[in-house]
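Observations on chain architecture
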Amino acid sequence: MDYRFSRRHEAGRGEHGMGSDMFGHAGHDITLKMPVGTIVTDAETGQVLYELLVPGEKILIAKGGDGGFGNMRFKSSINRAPRQKTPGWPGEKKNLKLELKVLADVGLLGMPNAGKSTLIAAVSNARPKIADYPFTTLHPNLGVVRVGPEQSFVIADVPGLIEGAAEGAGLGHQFLRHLQRTRLLLHVVDIAPFDDNVDPVAQAKAIVAELKKYDQSLYEKPRWLVLNKLDMVAADERAARVKDFVKRFKYKGPVFEISALTREGCEHLVQAIYQHIRAQQVAEQPPVDVDPRFAGSDNPGP
Ligand SMILES: Nc1nc2c(ncn2[C@@H]2O[C@H](COP(=O)(O)OP(=O)(O)OP(=O)(O)O)[C@@H](O)[C@H]2O)c(=O)[nH]1
Ligand SMILES: [Mg+2]
């Protein structure tokens with residue numbers, strides 16, 4: 001948001017060289033702060049220059065102008081009192097495109113009002129706005145879910161998606177980019193819609209169709225079904241309601257039955273997510289190369 005309206009950022013100019021043995025000062029630096037997850041692209045060539053992935057990372061985007069040489073620089077045996085000096089040097093200029101794709105392990109996907117923000121508030125430290133009208137969430141929210149003293153994962157709540165989003169309905173579908181770096185999507189469904197005319201299965205199918213339209217690789221990401229608001233369904237009707245949904249949705253993956261409001265089923269979901277993420281991380285770890293010089297000795301190596 002900081003860069004949406006203020007688009008030109010200029011560091012101080014280098015000073016010219018001066019007389020009285022003075023060089024010109026280099027220009028003052030400016031530092032532009034960006035959230036982790038920012039992708040910096042050269043706006044002219046489209047080439048990705050940087051991906052900011054580590055908190056506190058600092059990169060040099062454009063080298064500023066050095067100050068000019070002062071008269072001392074020109075001093076020699078035949079020119080003992082030089083009067084020359086040079087102007088400061090121009091700095092680099094760049095035209096950049098900044099794009100934010102948040103970094104999260106898990107992303108929430110679903111219709112407005114499905115209870116995505118309620119879920120992230122129930123399981124993480126995030127405190128997003130929650131309300132009983134659609135499109136309450138306008139920007140992604142990130143929450144850290146603590147599973148144990150050293151174990152946690154990050155979950156991203158994004159705006160609601162509706163049928164026709166690819167054509168601009170609702171808030172459109174551009175915000176789905178925030179789910180592209182996740183390892184797992186949770187498709188949150190309101191199993192007990194207030195309006196009897198609304199079929200949750202048709203809505204869930206529409207979400208999947210929009211996902212596919214946006215990006216095939218996002219569509220192919222592991223996606224779990226999270227049936228929410230089960231507190232609104234009478235206990236003796238739940239099993240049948242869930243079974244009917246899964247059957248008509250033609251879904252075969254993991255199903256979680258929760259109430260984000262009462263937190264029923266949320267702990268089980270959190271544990272399953274953590275196990276899934278851990279398993280993926282372990283599978284991705286490169287095999288440890290043992291330096292042959294240290295193989296077979298007790299020396300742990302360099
Ligand atoms: N009874 C019941 N109500 C819930 C549950 N989860 C969410 N709600 C209610 O549903 C409404 C919408 O919840 P939100 O969490 O704002 O929904 P959202 O999916 O984030 O909606 P958008 O941000 O508009 O996309 C709120 O009034 C919540 O209190 C639940 O498990 N049970
Ligand atoms: Mg929300």
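The text that follows walks through the structure, step by step, so that each part is easy to find.

**Some thoughts on the nonpolar core**
Counting residues in hydrophobic clusters, the biggest one holds 41 residues, and the most contacted among them are L119, L186, F245 and I273. Per element, the largest residue contribution to this core is 7 residues, and it comes from helix 6 (residues 266-284). Those residues in contact with I273 that sit more than four places away from it in its chain are V106, F153, L184, L186 and W224. By size, the runner-up hydrophobic cluster in this structure holds 14 residues, among which are L109, F175, L176 and A206.

**Section: the sheet that holds strand 6 (residues 151-157)**
The 6 strands are arranged 5-6-4-7-8-9 in an open sheet whose pairing can be described as mixed. The open sheet terminates on both sides in strands that have one partner only, identified here as strand 5 (141-148) and strand 9 (255-257). Strand-to-strand twist of the sheet, defined as the mean angle between neighbouring strand axes without regard to direction, takes the value 25°. Pairing of strand 4 (residues 106-110) with strand 7 (residues 184-190), which is carried by 5 bridges, proceeds in the parallel orientation. Residue G107 lies in a different strand from strand 7, and its bridge partner there is L185. Relative to strand 7, helix 3 (residues 200-214) is tilted by about 150°, and along the sheet it contacts strand 4, strand 7 and strand 8 (223-228). Its contacts with the sheet put helix 5 (residues 235-249) on strand 7, strand 8 and strand 9, and the angle it makes with strand 8 is roughly 145°.

**Examining the site of ligand 1**
Looking at ligand 1, there are 24 residues lining it, with K116, T118, F135, T137 and D231 nearest. Within the backbone of F135, a nitrogen or oxygen atom sits 2.7 Å from an oxygen atom of ligand 1. Contact with the protein chains removes 90% of the 660 Å² of surface that ligand 1 exposes when unbound. Considering every element that reaches the shell around ligand 1, the biggest residue donor is helix 2 (residues 116-123), with 3 residues.

**Focus on the pattern of salt bridges**
By the definition in use, this model includes 11 salt bridges. One salt bridge in this structure joins D190 and K229, with 3.3 Å as the shortest N-O distance. Of the two residues, D190 is situated in strand 7 and K229 in the loop between strand 8 and helix 5; the sequence distance between them amounts to 39 residues. Several salt bridges converge on common partners, so that one network encompasses E167, E210 and K213.

**Overview of the coordination of the magnesium ion (ligand 2)**
The protein atoms that coordinate the magnesium ion (ligand 2) are S117 (OG) and T137 (OG1), at distances spanning 2.0 to 2.1 Å. Residue S117 is found in helix 2, and its partner T137 is found in the loop between helix 2 and strand 5; the two are separated by 20 residues along the sequence.

**Looking at helix 5**
Taking 1.5 Å per residue as the helical rise, helix 5 with its 15 residues ought to reach 21 Å, and the 22 Å between its terminal C-alpha atoms agrees with that figure. Taken residue by residue, helix 5 has R238, V242, F245, V246 and F249 as its buried positions. Looking straight down helix 5, one finds that the buried residues subtend no more than 90° of arc, so they occupy a single side. Structural note: helix 5 exposes D236, A239, A240, K243 and K247 on the side pointing more than 90 degrees away from its buried face.

**A few points about the packing of aromatic side chains**
Across all of its chains, the model carries 3 aromatic pairs by this definition. Through a chain of ring-to-ring contacts, three or more aromatic side chains come together here, namely F245, F249 and Y251.

**Notes on unusual backbone geometry**
Of note, K229 is a non-glycine position whose phi angle comes to about 70°, a positive value. Here the phi dihedral of R263 falls at roughly 70°; this positive angle occurs in a residue that is not glycine. Within the secondary structure layout, R263 lies in the loop between strand 9 and helix 6.

**Observations concerning helix 3**
An α-helical turn contains 3.6 residues, so a residue and the one three or four places further along point in the same direction. Over its 15 residues, helix 3 extends 21 Å from the first C-alpha to the last, a length consistent with the 21 Å expected when each residue adds 1.5 Å. Within helix 3, burial applies to P200, V201, A204, A206, I207, V208, E210, L211 and Y214. Those residues of helix 3 that are buried lie in contact with strand 4, strand 7, helix 4 (216-220), strand 8 and helix 5. At the N-terminal end of helix 3, a side-chain oxygen is found 3.1 Å from the backbone nitrogen of V201, two or three residues along, and the residue is D199.

**Section: the side chain of S259**
Position of S259 relative to the elements: it lies in the loop between strand 9 and helix 6. For S259, a relative accessible area of 0% corresponds to the buried category. Polar contacts involving the side chain of S259 include one to the side chain of D231, which spans 2.8 Å. The contacts of S259, once residues within four sequence positions are left out, are N228, K229, L230, D231, E264 and C266.

**Topic: the environment of C266**
In this fold, C266 is placed in helix 6. Along the primary structure C266 and A122 are separated by 144 residues, whereas in three dimensions their C-alpha atoms are 7.8 Å apart. Beyond its immediate chain neighbours, meaning those up to four positions away, C266 contacts L119, V123, I258, S259 and A260.

Parameters at a glance
Residues numbered from 1 in each chain as written. Chains lettered and ligands numbered in written order. Predicted model: local features only at pLDDT ≥ 70, side-chain atom pairs only at ≥ 80, totals over all residues. Heavy atoms only, no water. Core = buried A, V, L, I, M, F, W, Y, C linked by side-chain atoms within 4.5 Å. Buried < 20%, exposed > 50% of the residue type's maximum accessible area, 1.4 Å probe, protein only. Helix = DSSP H or I, 4+ residues; strand = E, 2+ residues; numbered from the N terminus. Contact = heavy atoms within 4.5 Å. Pairing = 2+ DSSP bridges. Axes fitted to C-alpha atoms, helices over the stretch in contact; angles between N-to-C directions. Near = heavy atom within 4 Å. Polar contact = N/O pair within 3.5 Å; in protein donor to acceptor, adjacent residues only side chain to side chain. Areas by Shrake-Rupley, 256 points an atom, 1.4 Å probe, with all protein chains shown as cover. Salt bridge = Lys/Arg side-chain N within 4 Å of Asp/Glu carboxyl O. Donors = N, O, S within 2.8 Å, 3.2 Å for Na, K, Ca; no water. Expected span 1.5 Å × (residues − 1). Arc of directions from axis to C-beta. Phe/Tyr/Trp six-rings, centres within 6.5 Å; stacked < 30°, edge-to-face > 60°.

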